[in-house]
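# Structural description and commentary
Now for the letters of each chain:
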Amino acid sequence: MEALLGFEIDIWDYLTFLTLMVCVVALIMTWLFLAGLPGRIAIARKHPEAEAVKYLGYAGLLPTVYPWMQALIWAFKPTDIVDIRRFPREEAIETEKEIARLRGLPATMHEAVKESSQEAVADAQTLRSGKAPVQGTEEGKP
């Protein structure tokens, strides 16, 4: 074996370097797991802004922990806010499409669109007949 500054390199030196590399890889994997946690929580909870939560989670651990904590809180925030430009059912469809895209499940998106299209047709027929569509009662809303 070669001499390095007067020392001979043996098996223990190689094992030390291997151990250091394993520790660095473990540290990077732990960082990636923690950084992606808010995004995975938002996707599991079908958050309307799941992609933004995911990006903030990854970007948040770079400079400080504060943006990452904001992403974690945002992931758990109640998501009963409805965009007034769409009806609640249309908003739910768009959220389902986005979650399916983030998960990479195109079949789920197609099923959600098909099911909601049938419900939308039923609602349109009900509105034409002069009755209000039957919707689930939501807490705190008339």
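Small disclaimer: the values here were computed from a predicted structure and weren't measured.

## Some thoughts on the confidence of the model for the chain
- Per-residue confidence for the chain averages 79 on the pLDDT scale, and 75% of its residues sit at or above 70.
- When pLDDT is averaged over each helix and strand of the chain, the minimum, 62, is found for strand 1 (residues 3–4) and the maximum, 94, for helix 1 (residues 11–44).
- Here residues 136–142 is a poorly scored stretch, pLDDT under 50, and it has 1 contact once near neighbours within four places are set aside; other chains count.

## So, the packing of helix 1 against helix 4 (residues 88–103)
- Running from N to C, helix 1 and helix 4 cross one another at 135°; their axes reach a closest spacing of 10 Å. In terms of their interaxial angle, helix 1 and helix 4 are classed as oblique. Read as a crossing pair, helix 1 and helix 4 show a hand that is left-handed. For the pair helix 1 and helix 4, the contacting residues are Ala42, Ile43 and Ala44 in the first and Ile99, Leu102 and Arg103 in the second.

## With respect to the side chain of His47
- By the element assignment, His47 lies in the loop between helix 1 and helix 2 (50–60).
- Side-chain polar atoms of His47 contact the backbone nitrogen of Glu49, separated by 3.0 Å.

About the thresholds
Residues numbered from 1 in each chain as written. Predicted model: local features only at pLDDT ≥ 70, side-chain atom pairs only at ≥ 80, totals over all residues. Heavy atoms only, no water. pLDDT = per-residue confidence, 0-100. Helix = DSSP H or I, 4+ residues; strand = E, 2+ residues; numbered from the N terminus. Contact = heavy atoms within 4.5 Å. Axes fitted to C-alpha atoms, helices over the stretch in contact; angles between N-to-C directions. Parallel < 35°, antiparallel > 145°, perpendicular 65-115°, else oblique. Left-handed = near helix turned anticlockwise from the far one by under 90°. Polar contact = N/O pair within 3.5 Å; in protein donor to acceptor, adjacent residues only side chain to side chain.

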